[in-house]
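# Chain and residue survey
Next come the chains, spelled out residue by residue.
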Amino acid sequence: MKEASGELSMTLVTIIAVGVIVTIFAVFWPRIQNAINNRWNKFENEAGHAMIVTNLNK
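In this report, we go over the structure that sits alongside the text. (Residues numbered from 1 in each chain as written. Predicted model: local features only at pLDDT ≥ 70, side-chain atom pairs only at ≥ 80, totals over all residues. Heavy atoms only, no water.)

Another point: the overall build of the protein chain. For the protein chain, the helix and strand inventory stands at 2 helices and 0 strands. Buried residues in the protein chain amount to 0% of all 58 residues. (Helix = DSSP H or I, 4+ residues; strand = E, 2+ residues; numbered from the N terminus. Buried < 20%, exposed > 50% of the residue type's maximum accessible area, 1.4 Å probe, protein only.)

The grouping of Leu8, Leu12, Ile15, Ile16, Val20, Ile24, Phe25, Val27, Phe28, Trp29, Ile32 and Ile36 at the surface amounts to a nonpolar patch, some 1100 Å² of accessible area in total. For Trp29, the position within the fold is in helix H1 (residues 2-47). Looking at Trp29, the relative accessible area reads 37%, which means it is partly exposed. (Patch = residues over 30% accessible without salt bridge, like charges linked within 9 Å, V, L, I, M, F, W, Y side chains within 5 Å. Areas by Shrake-Rupley, 256 points an atom, 1.4 Å probe, with all protein chains shown as cover. Salt bridge = Lys/Arg side-chain N within 4 Å of Asp/Glu carboxyl O.)

Moving on, we get to the packing of aromatic side chains. Applying the stated criterion across every chain yields a total of 2 aromatic pairs. Relative to Trp29, the ring of Phe25 has its centre 5.5 Å away and its plane inclined at 35°; by these criteria the two rings are tilted. Taken together, the residues span about one helical turn, with Phe25 and Trp29 both in helix H1 at a distance of 4 residues. The interplanar angle of 45° and the centroid separation of 6.2 Å between the aromatic rings of Trp40 and Phe43 together place this pair among those described as tilted. (Phe/Tyr/Trp six-rings, centres within 6.5 Å; stacked < 30°, edge-to-face > 60°.)

Have a look at this one:
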């Protein structure tokens, strides 16, 4: 019985830890996405790749 309660405790700790990590990621995701989009747009504007992609779609 003692081993079973230990396994249950570890399972709960793992579930809580995963929940905390997912929550932190969800909170910071908009900032991460904005940073990625800003860098991508800056790259496209500097390299001129936006024109190439637009021309290929026509």
